[in-house]
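Structural features, examined
The lines below spell out each chain.
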Amino acid sequence: MEECRIYTVELEDLTLGYGERILFENASIGFGWGEFTALIGRNGTGKSTLLRTIAGLARPISGRIRVEGRYLDKMSPRERASAIGFVSTEDVRVANLKVSDVVGLGRAPYTNWLGSLTDTDREVVHRSLELVGMTSFADAAVDRLSDGERQRVMIARALAQDTPIILLDEPTAFLDLPNRYQICLLLRELAHKEKKSIVFSTHDLSVALELCDNIAMIEGGRFFYGPADRLIADGTIQHLFDGTGLRFDPEAKNVQLVK
């Protein structure tokens, strides 16, 4: 039941924006343990801003965020880094940088000031690569990998950070269709088996509806949240296409031209 859920992240009357522009107001929702959540909405609605704000990289206009029961603005940078892993849209293509070195960067919150990895850190790096199916690439150069392989490495880095919460900003944006599904299936499996709260932004509605436990949707300055079937049934998903000449078919769960 909803009242029994334990949240990893809670938004309390959160309002986001920049300059004089308000993206959305007074959002109060929670993301739960072991749940895979898609964040959807049109360009410019605030998806990336929300993820960056939860990660502590941006400040809300008003409202607060709780992370595992603690207010985010009361946590130190190291405490935030131990609770939240963030995978941005930045592409890592440093020449001759090994996969294991990239994943090892995820251990930064736990290493000494020199950044030296202990045997325990190296074990975590190995397991993280194992979880994403990239152990055989540990010594490979990151700039020689395919887009899909690099995305798995970045997810492994977030796993090595050993946080209960992982946020990803459009992790499938530059991948082909099979790789989009493979990455999202991997993320769903990690959320369920590793009991992490994983939230990712996406423009791929079919992936969000088919694979995610919950949908968080920003549209028209409002925040909608719930299981995909509920948002389809109550007409919420259709709001994405209002005024576009397109309609969402709730039976087929696809987008169609209005005739």
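Scroll up for the structure.
In this text, all values refer to a predicted model and were calculated from it rather than measured experimentally. (Residues numbered from 1 in each chain as written. Predicted model: local features only at pLDDT ≥ 70, side-chain atom pairs only at ≥ 80, totals over all residues. Heavy atoms only, no water.)

1. Points about the overall build of the chain
A count of helical and extended segments in the chain gives 8 helices and 13 strands. For the chain, the C-alpha atoms occupy an extent of roughly 60 × 40 × 40 Å along the three principal directions. A burial count over the chain gives 47% of its 259 residues as buried. In the chain, of all internal contacts separated by at least 6 residues, the share reaching a separation of at least 24 is 67%. Within the structure as shown, the chain displays about 13000 Å² of accessible surface, and the carbon and sulfur contribution to it stands at 49%. Computed over 31 positive and 37 negative side-chain charges, the inter-centroid distance for the chain is 2 Å. (Helix = DSSP H or I, 4+ residues; strand = E, 2+ residues; numbered from the N terminus. Buried < 20%, exposed > 50% of the residue type's maximum accessible area, 1.4 Å probe, protein only. Contact = heavy atoms within 4.5 Å. Areas by Shrake-Rupley, 256 points an atom, 1.4 Å probe, with all protein chains shown as cover. Lys, Arg positive; Asp, Glu negative; His and termini not counted. Charge placed at Lys NZ, Arg CZ, Asp CG, Glu CD.)

2. Quick word on the side chain of threonine 172
Turning to its location among the elements, threonine 172 is positioned in the loop between strand S8 (165-169) and helix H6 (177-194). Dropping the residues within four chain positions of it, threonine 172 is found in contact with Arg180, Ile183, Cys184 and Thr202.

3. Things to note about the packing of aromatic side chains
The final tally for this structure, using the stated rule, is 3 aromatic pairs. Here the aromatic rings of phenylalanine 31 and tyrosine 225 are separated by 5.7 Å at their centres, their planes lie at 75°, and the arrangement is edge-to-face. Placement of phenylalanine 31 in strand S3 (residues 30-32) and of tyrosine 225 in strand S11 (residues 222-226) is noted, with a sequence separation of 194 residues between them. Classification of phenylalanine 31 by relative accessible area gives buried; the value is 2%. With relative accessibility at 15%, the residue tyrosine 225 sits in the buried group. One Lys or Arg, arginine 64, reaches over the ring of tyrosine 71 and ends 3.6 Å from the middle of that ring. Between arginine 66 and the ring centre of tyrosine 71, over which it is positioned, the NZ or CZ distance is 4.2 Å. (Phe/Tyr/Trp six-rings, centres within 6.5 Å; stacked < 30°, edge-to-face > 60°. Lys NZ or Arg CZ within 6 Å of the ring centre and 35° of its normal.)

4. Some points on the layout of surface pockets
The calculated volume of the largest pocket comes to roughly 280 Å³. Lining the largest pocket are 13 residues, and of these Ala58, Arg59, Pro60, Leu72 and Asp73 lie nearest its centre. Tallying contributions element by element places strand S5 (residues 62-67) first for the lining of the largest pocket, with 3 residues. For the lining of the largest pocket, the per-class residue count stands at 6 nonpolar, 3 polar and 4 charged. (1 Å grid on protein atoms, 1.4 Å probe; cavity = no way out; pocket = protein on both sides within 12 Å on 5 of 7 lines; lining within 4 Å. Points joined across faces, edges and corners; volume = space filled by probe spheres on them. Nonpolar A, V, L, I, M, F, W, Y, C, P; charged D, E, K, R; others polar.)

5. Points about the sheet that holds strand S7 (residues 84-87)
On the basis of which strands lie adjacent, the open sheet formed by 6 strands has the order S7-S8-S9-S4-S10-S11 and mixed pairing. Strand pairing shows two members of the sheet lacking a second neighbour, S7 and S11, which therefore form its edges. Between one strand and the next, the sheet's axes are offset by a mean angle of 15°, whatever the strand orientation. Bridge count between S8 and strand S9 (residues 197-201): 5 bridges; the pairing is parallel. Along S9, the bridge assignment pairs aspartate 169 with serine 201. Running over the sheet, helix H5 (residues 147-160) touches S7 and S8 and is turned about 165° from S7. (Pairing = 2+ DSSP bridges. Axes fitted to C-alpha atoms, helices over the stretch in contact; angles between N-to-C directions.)

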